Amino acid sequence: MRKIYLLLFTVCMFAGRINAQVDGTAPGRRLNNPGVTTALRIDMRSRPFRNNPVHPDFNNNTRINSPCPGPTNVPYFENFDGVTAPSVPDCITVENVNGGNTWRTVDFDFPYPSSSPNIMRLDFEPDGITPADDWFFTQGLNLTAGTSYRLTFEYRNSDGTRYIEKLEVKYGSAANAASMTSGTLFSNTNINFNLWQEGGTDFTPSVTGVYYIGFHGFSDANQAYLAVDNVKVDATPVCPPPIGVTISNITSSSATVNFTPTGSNFVIEYGLTGFIPGTGASPGIGGTVISINSTQLPYTINGLTSLDTFDVYVRQVCSGSSYGPNSTVATFSTPLVNDDAPGAITITVDAPCSGNGYTNFGATQSPAEPFASCTGTAGYNTVWYKFVAPAGGAVKVSNDFAGAGLGDSRMAVFSATNVNDYNTFTILGCDDDNGVGSSTKSIIYLAGLTPGNTYYIQVDGNNPSATQGSFCLEVSTLTSTMIAGTASCGSSQGFANLNTTYTGWISLVDNSGNLIANVKQTTGTATSVSANITVNTAAVRTDVTSGQKYLDRNFFISAAGATNATIQFFFLNSELATLQTADPSVTLANLGATRQTGSVCQADFLTANGTNSYLKQASNGSVNGVSWIQVSTPGLSNFYLHTSKAPVTLKTFLQGAYNAGLGRHKDVIAGWATILNTSALNQPYNVAPFNYSGTESVAPGFFTSSTGSTTDILDWVLLELRSSAPPAAPIATRAAFIREDGAIVDLDGVSSVSFRGIANGSYYITIRHRNHLGIRTATVQLVDGALGSNPSPPVYDFSAALTQAFKDVTITTNEAMAQNGSVFMMWAGNANTDNFVRVTSQILPPISSDAAFMLGTILGGNPNGTFSGYSVGDINMDGKVRVTSQILPPIASDAAFILSTPLGGNPNGT
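Residues numbered from 1 in each chain as written. Predicted model: local features only at pLDDT ≥ 70, side-chain atom pairs only at ≥ 80, totals over all residues. Heavy atoms only, no water.

1. Structural notes on the overall build of the protein chain
Then comes step 1: Across its full length, the protein chain holds 5 helices and 61 strands.
Then comes step 2: Relative to the 2.2 N^0.38 estimate, which gives 29 Å for 910 residues, the radius of gyration of the protein chain is 42 Å and therefore markedly larger than a compact globule would have.
Then comes step 3: By its C-alpha atoms, the protein chain is 135 × 65 × 55 Å across when sized along the principal axes.
Then comes step 4: By the burial criterion, 53% of the 910 residues in the protein chain qualify as buried. (Helix = DSSP H or I, 4+ residues; strand = E, 2+ residues; numbered from the N terminus. Rg over C-alpha atoms; globule rule 2.2 N^0.38 Å. Buried < 20%, exposed > 50% of the residue type's maximum accessible area, 1.4 Å probe, protein only.)

2. Re the state of the cysteines
By definition, a disulfide links the sulfur atoms of two cysteines through a covalent bond.
Then comes step 1: The tally for this structure, following the rule as stated, stands at 5 disulfides.
Then comes step 2: Disulfide pairing is shown between Cys 68 and Cys 91; the S-S distance is 2.1 Å. The S-S bond linking Cys 68 to Cys 91 shows a torsion near 95°; that makes this disulfide right-handed. Taken as a pair, Cys 68 in the loop between strand E2 (39-43) and strand E3 (72-73) and Cys 91 in the loop between strand E4 (76-78) and strand E5 (93-96) lie far apart in primary sequence, 23 residues in all.
Then comes step 3: By relative accessible area, which is 26% here, Cys 68 ends up partly exposed.
Then comes step 4: Cys 91 sits in the buried class, given a relative accessible area of 6%.
Then comes step 5: What pairs with Cys 239 in a disulfide is Cys 318, and their sulfur atoms sit 1.2 Å apart. An S-S torsion of about -65° defines the bridge between Cys 239 and Cys 318 as left-handed. (Disulfide = S-S within 2.5 Å.)

3. Section: the sheet that holds strand E29 (residues 443-446)
Then comes step 1: Read across the open sheet, the 3 strands follow the order E29-E26-E32; overall the sheet is antiparallel. With partners counted over all chains shown, the strands left at the sheet margins are E29 and strand E32 (474-477), one partner each. Across the sheet, the mean angle from the axis of one strand to that of its neighbour is 15°, orientation sign disregarded. (Pairing = 2+ DSSP bridges. Axes fitted to C-alpha atoms, helices over the stretch in contact; angles between N-to-C directions.)

4. Here we look at the packing of aromatic side chains
Then comes step 1: Taken as a whole and judged by the stated rule, the model has 40 aromatic pairs.
Then comes step 2: For the pair Phe 570 and Trp 628, a centre-to-centre distance of 5.8 Å together with 35° between the ring planes defines the contact as tilted. In this pair, Phe 570 is assigned in strand E40 (residues 562-572) and Trp 628 in strand E44 (residues 626-633), connecting sequence segments 58 residues apart. Neither residue differs from the other here; Phe 570 and Trp 628 are each classed as buried.
Then comes step 3: By way of ring pairs, the aromatic residues Phe 80, Trp 103, Phe 136, Phe 153, Tyr 155, Phe 186, Phe 193 and Phe 215 are connected into one cluster. (Phe/Tyr/Trp six-rings, centres within 6.5 Å; stacked < 30°, edge-to-face > 60°.)

5. Side note on the confidence of the model for the protein chain
Then comes step 1: Confidence in the prediction of the protein chain, expressed as mean pLDDT, is 90, and 92% of residues score 70 or more.
Then comes step 2: In the model, residues 1-65 has pLDDT below 50 throughout and makes 167 contacts with residues more than four positions away in sequence or in other chains. (pLDDT = per-residue confidence, 0-100. Contact = heavy atoms within 4.5 Å.)

6. Considerations on the side chain of Asn 96
Then comes step 1: Here Asn 96 is to be found in strand E5.
Then comes step 2: Of the residues examined, Asn 96 reaches a relative accessible area of 10% and is grouped as buried.
Then comes step 3: Of the polar contacts made by the side chain of Asn 96, one reaches the backbone nitrogen of Gly 99; its length is 2.9 Å.
Then comes step 4: Reaching out from Asn 96, the side chain makes a polar contact with the backbone oxygen of Gly 100 at a distance of 2.6 Å. (Polar contact = N/O pair within 3.5 Å; in protein donor to acceptor, adjacent residues only side chain to side chain.)

7. Some details on the pairing of E40
Then comes step 1: With 8 of 11 residues buried, E40 is to be regarded as a mostly interior element.
Then comes step 2: Here 8 bridges tie E40 to E44, and the two strands are oriented antiparallel to one another. Across the sheet, Leu 572 pairs through a bridge with Val 626, a residue of E44.

8. So, the pattern of salt bridges
Then comes step 1: All told, the structure shown has 17 salt bridges when counted by the stated rule.
Then comes step 2: The residue Arg 410 makes a salt bridge to Asp 460 at a minimum N-O spacing of 3.2 Å. Within this pair, whereas Arg 410 is found in strand E27 (residues 409-416), its partner Asp 460 is found in strand E30 (residues 454-461), the two being separated by 50 residues in sequence. Neither Arg 410 nor Asp 460 differs from the other in exposure class; each is buried.
Then comes step 3: Notably, a salt bridge pairs Glu 740 with Arg 664, separated by 3.9 Å at the nearest N-O pair. In this pair, Glu 740 is assigned in the loop between strand E51 (732-739) and strand E52 (743-745) and Arg 664 in strand E49 (residues 664-665), connecting sequence segments 76 residues apart. Neither residue differs from the other here; Glu 740 and Arg 664 are each classed as buried.
Then comes step 4: Counted as one network, the salt bridges with shared partners bring together Arg 104, Arg 121 and Asp 123. (Salt bridge = Lys/Arg side-chain N within 4 Å of Asp/Glu carboxyl O.)

9. Points about helix H2 (residues 573-582)
Then comes step 1: Looking at H2, one finds that the buried residues are Glu 575, Leu 576 and Leu 579. For H2, the angular spread of the buried residues around the axis is 100°, confining them to a single face. (Arc of directions from axis to C-beta.)

10. Here's the deal with unusual backbone geometry
Then comes step 1: Following Ala 688, the chain continues to Pro 689 via a peptide bond in cis, the omega torsion being 5°.
Then comes step 2: Its place among the elements puts Pro 689 in the loop between helix H3 (670-679) and strand E50 (713-722).
Then comes step 3: A cis amide bond, omega -20°, links Leu 888 with the succeeding residue Pro 889.
Then comes step 4: Within the fold, Pro 889 resides in the loop between strand E61 (880-881) and helix H5 (894-900).
Then comes step 5: With a phi close to 55°, Asn 691 is a non-glycine residue in the positive phi region.
Then comes step 6: Phi is positive for Met 877, which is not a glycine, with a value near 55°.
Then comes step 7: Among the secondary structure elements, Met 877 is positioned in the loop between strand E60 (867-868) and E61.

11. Looking at H3
Then comes step 1: Listed as buried for H3 are Trp 672, Ala 673, Ile 675, Leu 676 and Asn 677.
Then comes step 2: Looking at the buried residues of H3, the elements they touch are E50.

12. Quick look at the sheet that holds E27
Then comes step 1: One open sheet accounts for 5 strands, arranged E23-E25-E30-E27-E28; its pairing is mixed. A single partner strand is all that each edge strand has here, and the edge strands are strand E23 (345-346) and strand E28 (425-431).
Then comes step 2: In terms of strand pairing, E27 meets E28 through 6 bridges, oriented antiparallel. Across the sheet, residue Val 413 finds its bridge partner in E28, namely Gly 429.

13. Overview of the environment of Leu 714
Then comes step 1: Locating Leu 714 in the fold gives a position in strand E50.
Then comes step 2: The buried category is assigned to Leu 714, whose relative accessible area is 2%.
Then comes step 3: Distance in space between the C-alpha atoms of Leu 714 and Phe 737 is 7.3 Å, their sequence separation being 23 residues.
Then comes step 4: In this structure Leu 714 touches Leu 654, Ala 657, His 665, Val 668, Trp 672, Leu 676, Ile 738, Arg 739 and Met 877, once residues within four positions along its chain are discounted.

14. A short note on the side chain of Thr 643
Then comes step 1: As for its position among the elements, Thr 643 is in the loop between strand E45 (638-642) and strand E46 (645-648).
Then comes step 2: The exposure class assigned to Thr 643 is buried, which follows from its relative accessible area of 1%.
Then comes step 3: Polar contacts involving the side chain of Thr 643 include one to the side chain of Asn 590, which spans 2.6 Å.
Then comes step 4: Setting aside anything within four residues of it in sequence, one finds Thr 643 in contact with Gln 548, Ser 585, Val 586, Thr 587, Asn 590, Leu 591, Tyr 614, Arg 756 and Gly 757.

This is the structure:
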């Protein structure tokens, strides 16, 4: 390792300004030097000094060279340069309290030593759990009571804000921790800078004697490196320069100066690094002076230029017109304007990038700043951009352009509610290596953004040895040319090294950088994800089992360890139009996906290839010839896009139309068919209390009266699916028909009723009618619309038994269905649709009379009136509404039917 150090030092001297990182675990601890162009990195974690075979006594109080001759007088100065590292100078004592790594000299350390070649440095413990607890002590100093002395030294950490160090300085009568009782001279528990700063204080001993000054490193466990250099003790000058000039709150255009004031008035002078400061009130060449008093501290300098390095000096205004000497220089670097999100540079959507006009050179990572967390453990040199989401809410964000700058990038897109508060940032998408021009550059596709909202892009380096450089960046509206093309189980580039805790979008692209799908793992431990697609170029495909048509594009998504995920499937609008031609019931809104288990990409759907389940979409979108749907899935495998056709096969009877002699509904006569063709071509449930807005309808003349047939349509019914019992709202509702034979059929009058676009699962099924009390299945029933499902499930026959319909005993003692012999049917008489059947109004609890509703609302109060046509008051379904029977022509009374049949002759019954 010594040879390596010497070689690197030689390279450093030859090449000029080089930024090397001497640090811990990869991806490591970074030392920032914005002025350099090359980065070297040395990982020292494998070389813990507590196990150093050459210097085992580092674990003890150590004086490696000749014995100390005794105390010395001030001025005292120690720069640690008179020995060969890692030895410590004569008269410096080290006390290792924690028994691990401790103070030693280092001769190759970045940023450069405050004075070459050595510094004093304390290293972190490699076990990650042991905090620092290590002292080094100066030579004994002869100090006089009542005399003011000035202690100064320089100090820093190795990694800026990423790893925080702690240092305190005390003095006492002996070179050990227990004797450090004369006072605390300095303390900083938040050393978050890696450029040298001055520390120190003025102090006055109360007793003449020999004193030792102790430097105590006590950083928390698993931090990095703490360094000290140029320790000096002297008598305090008459007009001393300020001590401990520090720079904080550094932005691209400002920085805050603070120091320990030694008087009332001061001159601050600053300029680009290397300028020669002036004296008195006059600036040096390249310097700018500002006069302040101590009440203005800390003082903020404004008007700085970004990505520059500045030196700051402070001198005291003494009595009269004299001035003290300049302080020790304090150096700082201003970051890029967009080093943090509030300074994000605007990217205009669809504006082409030109050259490598952007850079993250000199950028830093703030403590609370998020990073592109799909990979890696922390940010390196993060910079920010922003864009306004276009109409359609779908974009491609890319820095995949030619150029030798930032060759290995990492990129992320965030939403935020407050750009000044990183706690409000949410990562939406992230990429490492989707690039095509350079496979290590980044491409992210996002859909579902809110048009007009501002989103934030973060660009960072991903290679710890070269995290900075220039690049081009572009945000484009998603178009059909960005969608992956024809392939039969063609593969994507895939995403490796995925963090298992990342839950944002990953864009899966083909080898041309075109989009296949977006995936985000919601639960699981997947560390990689990939995709395959098949794009069919022949006729629309049909599942031979279920008879359903599916999209010409299907997907295979693979991510070992993912247990739940959300996927956005992208396809061309032309592919959707082709499917809609083959299956007119398909819409973008009801399109979903059949997931088929399996670990191999299947170009076409076959029932035998796995277990099938249908996933209902959660959202969708469309822009510029591209559409997408989003689904949640319990696993990743093959996915085929279609609109599920989930059949339910039901049978029931309506009490008002039941004919006991026929054992079914009465025959549909020509008059009733005419009424239906006149007044019921559209579903009738778009009124209260049903409020169903469906558009089911049939063509004129659809309803028939066929002699000898038992399959003529009797009326419309309304079907509802619920995943749990009421009061849960229906997850799907649709209108259908009930026939003479009691079968519930689809709009063709023949097929089982199908629900489109619902997830397969177990549901309660409810049947409702205009003037009959509703019924629902006693238990949940499997409803399956996946490819490979049964197109004709067994009949659920409500008419077979009372137990087929759910009965809520907390509401009524009546059965859920009426009974006629061995046949069961829906209760008739709910003319006013309040879910009660009454012929006499009831006061407590108040229940309105259906007979009164027919008389007052339908017949206008005329007890001898007759309404002919399609009416909710037509309880016996003869095409007329009467509350009083009519002899010629004979018209039965609907009120009398309610009294005699549902109520069994009880005028007060309910």
